[in-house]
Amino acid sequence: MSKPQLLIDTDPGVDDALAIMMAHAHADVLGLSIAAGNVGLSHTVRNARTLVDLVDAKTPVFAGCPTPLVRLPEEDAAFVHGRDGLGDVGFPEPATGVSGEHAAHAILRLTREHPGEITLVALAPLTNVALALRLDPTLPQRVRRLVVMGGAVTGHGNTGRIPAEFNVGFDPEAAHIVFEGFPEFDLVDWELTLRHAFDEAEFDHWLATGDHRAAFFERVFRVARETNRKRERRGIIAADALAMAVAIDPAVVVRSERRHVGVELDGRLTRGATVVDWDNRLKLPARANVVLELDQARFGALVRKALGA
């Protein structure tokens, strides 16, 4: 069975790091298109280059949008990921370079070169994907699958605006463009990641028995792990890794529902919230395949291999 071909839009980020390691362990990665999000673009681009070095790949890195499409962000996630996005470990300058091609242009070019073959994995705010879609509305016709890590489908978000999840809340206009522009996509939301957190002792065993990738992740994960403990979040939460599992192995999905998902753009307390029409009251196209349950053992096996455990 041939490996899936992935194009990953990402803002590394600690959980992005694990997802990128998974991708290189299980799939062919055609490129990393980089957005601002967890931290600023200069950090996320450098972190992507560091990760390409780590997995000893030749994956091209494409820098994208440094800000959301319309409004400047109210917050980033440096308090979770560290000021540099990788736990403030202080890694040396990476050997991997950055392409001169803008991320949005790279998304369009690669999907034209591989029509119907690429799974686009969106782990970041959707700024780059939305810009590519505005430049060429036929983009969805060339994408085999779109997997989005974003949203909080019953309003239990993780930002200062209670219902909003970080990726969608960082650039709601971009999420609106993508959710309305793609005829179908898989949505892996924040609440699902909380339900599928790993047992800490089991995850620590993987880190202890893994290779250099596990040692790297153990170092960068310390700040995020301590933050989650302070917030009384249980287990090892791996949001982007969960979305990557869905992208790599669709059979990992045990239960999902097709629903219309809108994005709130104007609410003072609810901007960035993902509003799911669970009862089809609006009679709008059900574009989102909302993932509700995964095979945890299958998910764990994908992560273990990525850590060399």
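(A) Structural detail: the sheet that holds strand 8 (residues 274-277). Spatially, nine strands are ordered 3-2-1-4-5-6-9-7-8 in an open sheet, and the strand pairing comes out mixed. The sheet terminates laterally at strand 3 (61-63) and strand 8, the two strands that pair on one side only. Across the sheet, the mean angle from the axis of one strand to that of its neighbour is 30°, orientation sign disregarded. For strand 4 (residues 118-122) and strand 5 (residues 143-149), the ladder comprises five bridges, and the chain directions are parallel. Of the residues in strand 5, the one forming a bridge with Ala122 is Val148. Relative to the sheet, helix 2 (residues 41-54) contacts strand 2 (28-34) and strand 3, its axis offset from that of strand 2 by approximately 160°. The sheet strands contacting helix 4 (residues 103-113) are strand 1 (5-10), strand 2, strand 3, strand 4 and strand 5, and the helix crosses strand 3 at an angle near 135°.

(B) Molecular detail of the pairing of strand 4. By the criterion of burial, strand 4 is predominantly enclosed, with five of the five residues buried. Where burial is concerned, the two faces of strand 4 agree: the one with Ile118, Leu120 and Ala122 and the one with Thr119 and Val121 are both buried. Here strand 1 pairs with strand 4 via five bridges, running parallel. Across the sheet, the residue bridging to Leu6 is Thr119, located in strand 4.

(C) Geometry of unusual backbone geometry. A cis amide bond, omega -15°, links Pro12 with the succeeding residue Gly13. On the secondary structure map, Gly13 appears in the loop between strand 1 and helix 1 (14-26). Phi is positive for Asp56, close to 55°, though the residue is something other than glycine. Looking at the element boundaries, Asp56 is found in the loop between helix 2 and strand 3. Looking at Asp56, the relative accessible area reads 70%, which means it is exposed.

(D) Summary view of the packing of aromatic side chains. Inspection of the entire model under this criterion finds 10 aromatic pairs. Ring geometry for Phe198 versus Phe203: centroids 6.0 Å apart, planes at 25°, classification stacked. A ring pair is formed by Phe198 and Trp206, whose centres lie 5.1 Å apart and whose planes are at 70°; its orientation type is edge-to-face. Each member of the pair Phe198 and Trp206 is classed as buried. Feature note: the residues Phe198, Phe203, Trp206, Phe217, Phe221 and Phe299 constitute an aromatic cluster, connected by ring pairs.

(E) The arrangement of the environment of Trp190 in detail. By the element assignment, Trp190 lies in helix 9 (residues 190-195). The buried category is assigned to Trp190, whose relative accessible area is 8%. Residues Trp190 and Arg234, spaced 44 residues apart in sequence, show a C-alpha to C-alpha distance of 14 Å. If near-sequence neighbours (up to four positions away) are discounted, Trp190 is found in contact with Met149, Gly151, His156, Gly157, Asn158, Glu165, Arg233, Ile237 and Ala239.

(F) Spatial organisation of the nonpolar core. With 65 residues, the main nonpolar core has Phe217, Met244 and Leu307 as its most contacted residues. With residues near it in sequence (within four places) discarded, Met244 still touches Leu6, Ile8, Ala19, Met22, Ala23, Val121 and Leu123. Membership of the second largest hydrophobic core comes to 37 residues, among which are Ile107, Leu126, Val178 and Val290.

(G) Quick peek at helix 2. In this model, helix 2 (14 residues) spans 20 Å end to end at C-alpha, consistent with the 20 Å of a helix rising 1.5 Å per residue. Among the 14 residues in helix 2, 10 count as buried, and that is most of the element. Taken from the residues just after helix 2, Asp56 is the one with a positive phi, measuring 55°.

(H) Main features of the side chain of His26. Within the secondary structure, His26 is located in helix 1. At 2.9 Å, the side chain of His26 forms a polar contact with the backbone oxygen of Leu302. Leave out the neighbours within four places in its chain, and His26 touches Lys3, Pro4, Ile248, Leu302, Lys305 and Ala306.

(I) Representation of the packing of helix 1 against helix 14 (residues 296-307) within the structure. Their axes nearest at 8 Å, the elements helix 1 and helix 14 cross at an angle of 90°. The angle between the axes of helix 1 and helix 14 places the two elements in the roughly perpendicular class. Across from Leu18, Met21, Met22, Ala25 and His26 in helix 1, the residues of helix 14 making contact are Leu302, Val303, Lys305, Ala306 and Leu307. The residue makeup of the contact of helix 1 with helix 14, split by class, is eight nonpolar, one polar and one charged.

(J) Fine view of helix 11 (residues 212-220). Listing the buried residues of helix 11 in full gives Arg213, Ala214, Phe216, Phe217 and Val220. For helix 11, the angular spread of the buried residues around the axis is 160°, confining them to a single face. Buried positions along helix 11 lie against helix 1, helix 2, helix 10 (200-209), helix 12 (222-230) and helix 14.

(K) Structural view of the pairing of strand 7 (residues 253-263). Bridging between strand 7 and strand 9 (residues 288-294) involves six bridges; their strand directions are antiparallel. Bridge pairing in strand 9 places Glu257 opposite Val290.

Cut-offs and rules
- Residues numbered from 1 in each chain as written.
- Predicted model: local features only at pLDDT ≥ 70, side-chain atom pairs only at ≥ 80, totals over all residues.
- Heavy atoms only, no water.
- Pairing = 2+ DSSP bridges.
- Helix = DSSP H or I, 4+ residues; strand = E, 2+ residues; numbered from the N terminus.
- Axes fitted to C-alpha atoms, helices over the stretch in contact; angles between N-to-C directions.
- Contact = heavy atoms within 4.5 Å.
- Buried < 20%, exposed > 50% of the residue type's maximum accessible area, 1.4 Å probe, protein only.
- Phe/Tyr/Trp six-rings, centres within 6.5 Å; stacked < 30°, edge-to-face > 60°.
- Core = buried A, V, L, I, M, F, W, Y, C linked by side-chain atoms within 4.5 Å.
- Expected span 1.5 Å × (residues − 1).
- Polar contact = N/O pair within 3.5 Å; in protein donor to acceptor, adjacent residues only side chain to side chain.
- Parallel < 35°, antiparallel > 145°, perpendicular 65-115°, else oblique.
- Nonpolar A, V, L, I, M, F, W, Y, C, P; charged D, E, K, R; others polar.
- Arc of directions from axis to C-beta.

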